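Chain by chain, the residues run as shown.
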Amino acid sequence: MDRRAIEIIGIVQGVGFRPFVHELATGLGLSGFVKNRAGGVRIEVEGDPRSLDRFLAELTSRPPSPARIEGVRWARRPPRGEPGFRIEPSAGDAAGPIFLAPDVATCDDCLRELFDPRDRRHRYPFLNCAHCGPRLTIIRETPYDRERTTMAAFAMCLDCRSEYEDPRDRRFHAQPIACPACGPRLRLLGGDGRAIESGDPLSDAASALGRGRIVAVKGLGGYHLCCLAGDEGAVAELRRRKHRDEKPLAVMVRDLRWARALGEFDEEERALLASPCRPIVLLRRRPGAPVAVGVSPGGNPRLGVMLPYTPLHHLLMLEVAGAPLVMTSGNPSDEPIAYDDLDAARRLAGIADLILTHDRPIHLRCDDSVSRVVDGAESPIRRSRGSTPLPIDLPVPCPRPTLALGGQLKATFALGRGRHAFLSHHLGDLDRYEAYRAYAEAIGHYERLLAIRPALIVHDLHPDYASTGYARGRPAELPRLAVQHHHAHMASCMAEHGLDEPVLGVTFDGSGYGLDGATWGGEILVGGYLGFRRAAHLRYVAMPGGDRATLEPWRMAASYLADAGVGSSAIRLRASPAELAVVRTMIERRFRSPPTSSVGRLFDAVAALAGLRPRVSYEGQAAMELEWLATGVAADAAYPFEIQQVQGDGPPGAPLQIDHRPLIAEVAAEAGRGRAPAVIARRFHSTLVEMVAEVCLRLRGESGPAKVVLSGGVFLNALLAREITGRLTREEFRVYRHRKVPPNDGGLSLGQLAIGAARDRS
Amino acid sequence: LGHGGGGRATADLIGRLFVPAFGNEVLAALEDQATVRLPGGDGVPAPRIAISTDAFVVRPLFFPGGDIGRLAVHGTINDLVVGGAEPLYLAAAFILEEGLALDDLGRIVASMRDSCAEAGVILVAGDTKVVDRGKGDGVYITTTGVGLAPEGRSLSIRDARPGDRILVSGTIGDHGIAIMSVREGIEFETALESDTAPLGGLVRAMLGACPGIRAMRDPTRGGVSAALNELAAASRVGVTLLEGSIPVRPEVRGACEMLGLDPLDVANEGKLLAVSPPEDADALLAAMRSHPLGRDAAIIGRVVAEHPGMVTLRSVVGGERIVSMLSGEQLPRIC
Ligand SMILES: [Fe+3]
Ligand SMILES: [Mg+2]
Ligand SMILES: [Zn+2]
Ligand SMILES: [Zn+2]
């Protein structure tokens, strides 16, 4: 006989963990008890040592799905000889570290009930259990109990109450427990926000969808705008009403069979599609997929597909007989998803013909996550619903509670406590008032929920990011640390992989404020969390009109041509002669033309030179189209380029400069001879691969590190990421790419936190 | 020391260095002009006067619609009139660069004389210094204005209240774009002129029609966005502008697009912003429009209780953007 006392911290409350422990202990013939305590659970078990070992092993290896164990400690205790195993009432002891569960897709058990005519929750759109359902989006305060969620207004019926209190029930302490007798209900509103009498809101909404109408549907983290994905007219109308340029729209399909009809996927992609997080997964679009061209226009070879993740979605997909539905967040572009009922009615008026809503309030808005698989591993694009606020491990623990504020676009923030980094959901473009307000509110909300009061603030070095402005607005006595943008990108990828040693950081990006005041974005850094050396960068060119140049790639083409001394014409650049004259003067006089080393802008220039669009409707569009063109074309020769040590008044060890003038001259010449854009696109990718390889090899020759991290928004480009990895691996570098957070600015806050922690420690 | 584009860097400098150094309430109010009371006594009431000073470093010295001399007169008296004062006297200091053509200086002085006459002020004191060649851009002028601040009249950027309307006296951005285009040799399709003008007459007409005006500002350097951000901060209120209602000449809009500028950030020299109680806004607008310098006046937004200290712009297609006070340098943010 042995007795062990076990302390577990992590997401182990309200996720069916105690029933699981109960079952495990009884199955192994162990006696003792389990009880909730702040931040985790305490277990004491007694029995023969072999069973105790098995108990510990199984406890940590197969906990119920939303549970996540962050730490286990155990110690021997003298046996008491008590009979049986029991669940004890929660202990109200001192506060421990708090963890929160993300929202979890409807589990298989609940799905069976949903479609079982004999079940009392048959066709009930709000069923859930301790293993699934809303979490983060309905919590007002911690500890996580029903009265502190948006379910507080719904009094449990006797049936629900007895399930909730039965330790052997799947719904034991499932806070959002509900049934048709006591829980939330669907309602139907007109496009004007006024209630519509409906005996069956779900089937009325579905039949409107079937007639090609646009319906707003209140989901888990906000309102989606939906229409038939196969209906060209409906999709065009949705884009028109939403003023949504050309960004691809996501499609929800009923199940994996339907997903297969739209896109190709392998085992990893299947697992990602069906994971409890249920992200939108970018699949290779199947030729002849029954989806309107307008869903992802511009020759996009991929399609964003997701599976239903709430009972309401499952029922809706059934009602529309499985027809794939466009599901895009219900908001003007670049603003966070509409979530508040009054606000949604106002914002969606004029966009939706009908609004399918319900009376369970969303407390925290949360956009869908977006992800994909590259080389057999997940490569996140947006980490949001279903993933946040699961902590990510930091390589160096935070000495003090720390808040990292992220960037400007695709904003996320992160709270650090010890070795845990809690990254927020996606908050969008902070230039938008709605987004900024949501950002500021969410910071306060997460600080309260996780009980983290920051004693250090880390922000981007850029003086004009709204996140930097937010940092300035916090009390002046709170210490602030400004981190260079690309250093944070590099650290973000390092942190994910637990690297804490010098690395080569290849950060290819749109823009970031550099130490010299220039706009960086094509950087190869050497260093770690504590500091870095800018080992190489693209040659600076002018960015005529600043951010304007990002939306008008022809400007970057004009700028690169001028730098390379190659003549250009308005016709070639598809600009008016007057525009070109102004832009040339701006470049010549360096007027409103900040210097940049951005790879994103080089992509833009090459895209424009190759004959792709001279103007884009969202940042990065030209670069994506160049990637699509190049994908599937056989590898080809690279264009010429040069690498020089920057001379002059710089200190010794001045950075290498990657000179793209030969590349630009060659691209211009090829385009002039009428070379196919796809060939130019392919060769350009190969050129970037060679640039990186040559710089890394030269740096290794100078005893530089042999580990390389790839970060920055350009590495959303799968072709480039894959080829650089392959090339460097052949040269015996160890290459690391993002697996947990996006390579773009959505992952910035993690890097800031890692740097903040390391600097704070030293 | 960084560049002083009239943005946040300048505001920071003032707040961190100058205000504490001279620590007094009048300066700390950060109005465009200071209102002080001279000592009275012996049955003589203490008069209230307004003082303002401004330095002018414009390049080129002569530009379509004006020159540095006109600007130096208008800039200072406009700061006085938007505070509700009647400008009376002006003093001017000139820093001349060796080699400046006497002819040019003559033209500048004549232009100043005409501008003073037009605005009804008298230049009563002056000073000149000459610096070595290469140490100045031809000429720098600093002017100081003194005016009478009528009893009982108080216009202050701290007085805006939720519900108030924001009015602008005409098209924005004309001056800044005109200057840039001549200075940088950029030829836009239509030639633009600076809007520099003395605003005393317009302000008199406005105060006559609507004595309840809460505040006025001339949105010079830093443009409408800097002026309204200061107002929002000083009054602890929010400001929301309506995109479609802001008068901008098409050629200015076109130029801004080319240069990657927001018209809200571009300097004006003959325009003012006014904050009015909601019930007076229409009468005020009518009074402005019947004055030649206010023909294109418009109500462009309102003061709100939400987002204190912040200015937003509601777009025509929905969605609201933050109009921030930037650091003053052009730093791309799209990543
Ligand atoms: Fe970035
Ligand atoms: Mg002034
Ligand atoms: Zn379930
Ligand atoms: Zn019930």
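Just so you know, these numbers come straight off a predicted model, no measurement behind them.

When helices and strands are counted, chain A shows 23 helices and 31 strands. The C-alpha atoms of chain A give 27 Å as radius of gyration, which agrees with the globular expectation for 762 residues (27 Å, within 12%). For chain A, the spread of C-alpha atoms along the three principal axes comes to 85 × 65 × 50 Å. The buried share of chain A, reckoned over its 762 residues, is 62%. When contacts within chain A are restricted to residue pairs at least 6 apart in sequence, long-range pairs at least 24 apart make up 72% of them. Here chain A displays about 26,500 Å² of accessible surface, and carbon together with sulfur accounts for 51% of that area. In chain A, 99 positive and 91 negative side-chain charges are present, and the distance between their average locations comes to 0 Å.

In this section: the pairing of strand E13 (residues 311–314) of chain B. All names here are of chain B. Here strand E10 (residues 238–242) pairs with E13 via 4 bridges, running parallel. In the strand pairing of E13, valine 239 is matched with valine 311. Connecting the antiparallel pair E13 and strand E14 (residues 320–322) is a turn made up of 5 residues, with glycine 318 showing a positive phi of about 95°.

This part covers the domain arrangement of chain A. All names here are of chain A. Partitioning chain A into structural domains gives domain 1 (2–87), domain 2 (102–184), domain 3 (186–370), domain 4 (389–496 + 749–761) and domain 5 (503–738). Computed over C-alpha atoms only, the centres of domain 3 and domain 5 are separated by 36 Å. Counting residues at the interface gives 10 residues for domain 3 and 7 residues for domain 5. Of the roughly 710 Å² buried at the junction of domain 3 and domain 5 (both faces included), carbon and sulfur atoms supply 50%. It is Glu246, Lys247 and Arg302 that lose the most area in domain 3 upon contact with domain 5, and together they represent 52% of the buried surface on that side.

A word on the sheet that holds strand E22 (residues 480–483) of chain A. All names here are of chain A. Taken together, the 4 strands give an open sheet; going across it, the order is E20-E19-E21-E22, and neighbouring strands pair in mixed fashion. Looking at which strands have only one partner, the edges of the open sheet turn out to be strand E20 (414–423) and E22. Looking at each pair of strands side by side, their axes are set apart by 60° on average, direction ignored. Bridge count between strand E19 (residues 391–404) and E20: 7 bridges; the pairing is antiparallel. Bridging across to E20, isoleucine 392 finds its partner in alanine 421.

Moving on: the interface of chain A and chain B. By a widely used convention, the size of an interface equals the accessible area lost when the partners come together. Taken together, the contact between chain A and chain B spans 45 residues of the former and 32 residues of the latter. Buried area between chain A and chain B, both sides added, is near 3,400 Å², and the carbon and sulfur share of it is 59%. On the chain A side of the interface with chain B, the three residues burying the most area are A:Tyr433, A:Asp464 and A:Arg592, jointly 22% of the side's total. In this assembly, chain A and chain B are joined by 2 salt bridges. Counting every contact that joins chain A to chain B gives 15 residue pairs in polar contact (both at pLDDT 80 or more). Where the side of chain A that touches chain B is concerned, the elements lending two or more residues are helix H11 (433–449), strand E23 (503–513), helix H14 (547–551) and helix H17 (577–588) of chain A. The class makeup of the residues in the side of chain A that touches chain B is 15 nonpolar, 13 polar and 17 charged.

Attention now moves to the domain arrangement of chain B. Residues and elements named next belong to chain B. Each assigned domain of chain B is listed here: domain 1 (47–148) and domain 2 (165–322). Taking only C-alpha atoms into account, the centre of domain 1 sits 24 Å from that of domain 2. Listed by partner, the interface residues are 19 residues for domain 1 and 19 residues for domain 2. When the buried surface of domain 1 facing domain 2 is broken down by residue, Pro64, Asn78 and Val82 rank first, second and third, together holding 33% of it. Here domain 1 is connected to domain 2 by 1 salt bridge. Among the ionic pairs, glutamate 86 bridges to arginine 204, the shortest N-O distance being 3.7 Å. Between the two partners, domain 1 and domain 2, sit 6 residue pairs in polar contact (both at pLDDT 80 or more). Elements with a minimum of two residues in the side of domain 1 that touches domain 2: helix H3 (68–81) and helix H4 (102–119). Residues of the side of domain 1 that touches domain 2, tallied by class, amount to 9 nonpolar, 5 polar and 5 charged.

Our next topic: the packing of aromatic side chains. Residue and element names in this part refer to chain A. The full count for this structure, using the stated rule, is 10 aromatic pairs over all chains. Ring centres of tyrosine 436 and tyrosine 439 lie 6.1 Å apart, and the angle between their planes is 35°; this geometry places the pair in the tilted category. Here tyrosine 436 pairs with tyrosine 439, and both are found in helix H11, just 3 residues apart, close to one helical turn. Tyrosine 439 carries the same exposure label as tyrosine 436, and that label is buried. Each ring, one from phenylalanine 603 and one from phenylalanine 684, has its centre 4.9 Å from the other, and the planes form 85°; the classification is edge-to-face. Residue phenylalanine 603 is located in helix H18 (residues 599–609), and its partner phenylalanine 684 is located in helix H21 (residues 677–701); the two are separated by 81 residues in the primary sequence. The same class applies to phenylalanine 603 as to phenylalanine 684, namely buried.

Attention now moves to the sheet that holds strand E4 (residues 68–77) of chain A. All names here are of chain A. With respect to topology, 5 strands assemble into an open sheet ordered E4-E1-E3-E2-E5, the strand pairing being mixed. Single-partner strands in this sheet number two, and they are E4 and strand E5 (85–87). Neighbour-to-neighbour, the strand axes of this sheet turn through a mean angle of 15°, independent of strand direction. Of the pairings in the sheet, the one linking strand E2 (residues 31–37) to strand E3 (residues 40–47) comprises 7 bridges and is antiparallel in character. Counted as the bridge partner of phenylalanine 33 is glutamate 44 from E3. Packing of helix H2 (residues 49–61) onto the sheet brings it into contact with strand E1 (2–11), E3 and E4, and relative to E1 it is tilted by some 5°.

Residues and elements named next belong to chain A. Here the zinc ion (ligand 3) is held by the protein donor atoms Cys107 (SG), Cys110 (SG), Cys129 (SG) and Cys132 (SG), which lie 2.3 Å from it. Considering all 4 donor atoms around the zinc ion (ligand 3), angles at the metal cover 104 to 118° and the coordination shape is tetrahedral. In terms of primary sequence, the donors binding the zinc ion (ligand 3) are separated according to C-x2-C-x18-C-x2-C. With cysteine 107 in the loop between E5 and helix H3 (108–114) and cysteine 129 in the loop between H3 and helix H4 (158–165), this pair connects stretches of sequence that are 22 residues apart. Owing to a relative accessible area of 13%, cysteine 107 belongs among the buried residues under this scheme.

Basis of the calculations
- Residues numbered from 1 in each chain as written.
- Chains lettered and ligands numbered in written order.
- Predicted model: local features only at pLDDT ≥ 70, side-chain atom pairs only at ≥ 80, totals over all residues.
- Heavy atoms only, no water.
- Helix = DSSP H or I, 4+ residues; strand = E, 2+ residues; numbered from the N terminus.
- Rg over C-alpha atoms; globule rule 2.2 N^0.38 Å.
- Buried < 20%, exposed > 50% of the residue type's maximum accessible area, 1.4 Å probe, protein only.
- Contact = heavy atoms within 4.5 Å.
- Areas by Shrake-Rupley, 256 points an atom, 1.4 Å probe, with all protein chains shown as cover.
- Lys, Arg positive; Asp, Glu negative; His and termini not counted.
- Charge placed at Lys NZ, Arg CZ, Asp CG, Glu CD.
- Pairing = 2+ DSSP bridges.
- Domains from an automatic or database assignment.
- Buried area = accessible area lost by both parts, 1.4 Å probe.
- Axes fitted to C-alpha atoms, helices over the stretch in contact; angles between N-to-C directions.
- Salt bridge = Lys/Arg side-chain N within 4 Å of Asp/Glu carboxyl O.
- Polar contact = N/O pair within 3.5 Å; in protein donor to acceptor, adjacent residues only side chain to side chain.
- Nonpolar A, V, L, I, M, F, W, Y, C, P; charged D, E, K, R; others polar.
- Phe/Tyr/Trp six-rings, centres within 6.5 Å; stacked < 30°, edge-to-face > 60°.
- Donors = N, O, S within 2.8 Å, 3.2 Å for Na, K, Ca; no water.
- Tetrahedral: all angles 85-135°; square planar, octahedral: opposite > 155°, others 65-115°.

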